[in-house]
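# A look at the structure
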Amino acid sequence: MNRRIPSFHFAYVTNFNDNTISVIDTRTRKVKATIKTGRGPFEIAVTPDGKHAVVINKTDNTAQVIQRSTNKIISTIPVGKSPSDVGTSPKYVYVTNAADNTVSVLCIKKRKVIQTLKVGKRPVGVTVTPQKIGQRTLGFVSNHDSNTISIFNAKCNKVIDTIPAGVGPDQIAFTQNSRLAYVTTNNNVLVIGTRSRRILSKIKVGSTPVGVAITPNDRFAYVGNEGDNTVSVIMLKKNKVIATVPVGKKPGIVAITQNGKFAYVANFGENTVSVIRVRDNKVIDTIKVGNAASGLAIVPL
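### A closer look at the overall build of the protein chain
Looking only at helices and strands, the protein chain features zero helices and 28 strands. Counting only C-alpha atoms, the protein chain reaches 50 × 45 × 35 Å along its principal axes. Across the 301 residues of the protein chain, 57% fall into the buried class. Taken as a whole, the protein chain presents about 13000 Å² of accessible surface, with 46% of it coming from carbon and sulfur. Taking the average location of the 42 positive side-chain charges in the protein chain and that of its 16 negative ones, the two points are 8 Å from each other.

Put into structure tokens, the structure is as follows:
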């Protein structure tokens with residue numbers, strides 16, 4: 001019996017106004033499939049084992065689980081009000097509920113919310129460290145209106161600390177060794193030490209930075225600047241912007257392909273995804289997707 005193995009070359013783009021997901025084959029840069037979702041699909045993440053993708057529907061207040069081998073929705077799970085982001089760990093899926101000031105903890109196996117974490121005001125971003133910090137895997141939640149980050153232990157799902165995080169923290173990306181977190185805020189990108197839980201550096205980027213993604217070799221971070229239709233490229237060794245790349249309208253979420261060669265950028269202000277070649281920071285393709293490209297996820301390393 002042949003089992004269908006999910007492709008590691010898929011990029012998933014949520015189309016907020018279409019209630020769909022566009023599935024892009026990153027080898028051909030063509031839309032391979034379109035998945036119908038609930039209302040207002042906003043963000044999406046792929047589980048570490050690559051078997052599932054989880055999309056959150058902002059208007060429906062739901063999360064939907066997609067079987068990646070078939071690109072079919074297999075479960076719809078009610079979460080909190082105005083879900084804004086989704087992050088994954090090997091055991092759990094985390095959904096920030098911006099209107100509830102909570103994080104819903106989902107168990108994929110049980111297909112239900114098993115716990116709810118109380119965090120700061122208007123939580124928007126959530127990301128889990130790829131490696132353990134000491135003995136613990138940590139989750140970071142950006143509380144946009146509290147100007148803080150809530151840190152939780154991803155084993156017992158308990159909030160263990162709250163730290164300052166500039167003005168309007170949004171999306172979070174960790175280096176592969178989990179030692180540093182890069183966090184977009186209203187004005188810049190913060191570099192936070194995951195052990196010290198202190199702000200180590202502030203990097204000036206473009207206007208209204210939203211999404212941030214780091215290349216697998218920890219050399220560069222790509223930041224989508226919604227306010228000026230650009231992507232800032234940060235060299236992590238110097239924490240300095242080395243390139244500014246014009247893309248589509250209102251670029252937000254960014255994801256890097258597994259081979260580290262391309263950065264994909266969802267342009268929320270139009271129906272496209274820009275593809276940036278990492279080698280020379282040139283836009284080599286613009287892919288037509290659905291209406292209001294919002295979230296973007298590629299299979300994690």
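Picking up after the structure, the text goes on.
### Thoughts on the layout of surface pockets
Here the largest pocket is characterised by a volume of approximately 1300 Å³. For the largest pocket, the lining is made up of 48 residues, of which Thr 88, Thr 127, Val 128, Pro 130 and Pro 300 are closest to its centre. Put simply, the parts of the chain that give the lining of the largest pocket at least two residues each are strand E4 (41-46), strand E8 (83-88), strand E12 (123-128), strand E16 (172-174), strand E20 (209-214), strand E24 (251-256) and strand E28 (293-298). The volume enclosed by the second largest pocket comes to roughly 450 Å³.

### A look at the side chain of Thr 14
Inspection of the secondary structure assignment puts Thr 14 in strand E1 (residues 10-15). Assessed through its relative accessible area of 0%, Thr 14 is described here as buried. A polar atom in the side chain of Thr 14 sits 3.1 Å from the backbone oxygen of Phe 42. Once residues lying within four places of it in the same chain are set aside, the contact partners of Thr 14 are Thr 20, Ile 21, Pro 41, Phe 42, Glu 43, Ile 44, Val 55, Ala 292, Ala 293, Ser 294 and Gly 295.

### Here we look at the packing of aromatic side chains
According to the stated counting rule, one finds six aromatic pairs in the structure shown. Seen in terms of ring centroids, Phe 10 and Tyr 12 are 6.2 Å apart; in terms of plane orientation they differ by 85°. Their pairing is edge-to-face. On the accessibility criterion, Tyr 12 (0% relative accessible area) is buried. The ring of Phe 262 carries the charged tip of Arg 29 above its face, separated from the ring centre by 5.9 Å.

### Focus: the sheet that holds strand E25 (residues 262-267)
The antiparallel open sheet is built from four strands, whose spatial order is E24-E25-E26-E27. This sheet does not close on itself; its edge strands, each paired only once, are E24 and strand E27 (282-288). Going from strand to strand, the sheet's axes swing by 25° on average, the running direction of each strand aside. Here E25 runs beside strand E26 (residues 272-277); their pairing, made up of six bridges, is antiparallel.

### Some details on the sheet that holds strand E21 (residues 220-225)
Sheet architecture is open: four strands sit in the order E20-E21-E22-E23, paired in antiparallel fashion. Looking at which strands have only one partner, the edges of the open sheet turn out to be E20 and strand E23 (240-246). When the angles between neighbouring strand axes are averaged without regard to direction, this sheet yields 25°. By the bridge criterion, four bridges tie E20 to E21 in an arrangement that is antiparallel. Within E21, the position partnered with Ala 213 by the bridge is Tyr 222.

### Description of unusual backbone geometry
Positioned with a positive phi, Ser 82 is a non-glycine residue whose angle comes to about 55°. Within the secondary structure layout, Ser 82 lies in the loop between strand E7 (72-78) and E8. Residue Ser 82 is classed as partly exposed on the basis of its relative accessible area of 22%. The backbone phi angle of Asn 229 is positive, close to 60°, even though this residue is not glycine. Residue placement: Asn 229 occurs in the loop between E21 and strand E22 (230-235). According to the relative accessible area criterion, Asn 229 is partly exposed, its value standing at 29%.

### Some words on the pattern of salt bridges
Per the counting criterion, the structure on display carries six salt bridges. Here Asp 285 makes a salt bridge to Arg 29, at a shortest N to O gap of 3.1 Å. Taken as a pair, Asp 285 in strand E27 and Arg 29 in the loop between strand E2 (20-25) and strand E3 (30-36) lie far apart in primary sequence, 256 residues in all. Judged by its relative accessible area of 25%, Asp 285 is partly exposed. Judged by relative accessible area, which is 24%, Arg 29 ranks as partly exposed. For Asp 60, the salt bridge identified is with Arg 39, shortest N-O distance 2.7 Å. In this pair, Asp 60 is assigned in the loop between strand E5 (52-57) and strand E6 (62-67) and Arg 39 in the loop between E3 and E4, connecting sequence segments 21 residues apart. Residue classification places Arg 39 among the partly exposed residues on the basis of a relative accessible area of 46%.

Parameters at a glance
Residues numbered from 1 in each chain as written. Predicted model: local features only at pLDDT ≥ 70, side-chain atom pairs only at ≥ 80, totals over all residues. Heavy atoms only, no water. Helix = DSSP H or I, 4+ residues; strand = E, 2+ residues; numbered from the N terminus. Buried < 20%, exposed > 50% of the residue type's maximum accessible area, 1.4 Å probe, protein only. Areas by Shrake-Rupley, 256 points an atom, 1.4 Å probe, with all protein chains shown as cover. Lys, Arg positive; Asp, Glu negative; His and termini not counted. Charge placed at Lys NZ, Arg CZ, Asp CG, Glu CD. 1 Å grid on protein atoms, 1.4 Å probe; cavity = no way out; pocket = protein on both sides within 12 Å on 5 of 7 lines; lining within 4 Å. Points joined across faces, edges and corners; volume = space filled by probe spheres on them. Polar contact = N/O pair within 3.5 Å; in protein donor to acceptor, adjacent residues only side chain to side chain. Contact = heavy atoms within 4.5 Å. Phe/Tyr/Trp six-rings, centres within 6.5 Å; stacked < 30°, edge-to-face > 60°. Lys NZ or Arg CZ within 6 Å of the ring centre and 35° of its normal. Pairing = 2+ DSSP bridges. Axes fitted to C-alpha atoms, helices over the stretch in contact; angles between N-to-C directions. Salt bridge = Lys/Arg side-chain N within 4 Å of Asp/Glu carboxyl O.

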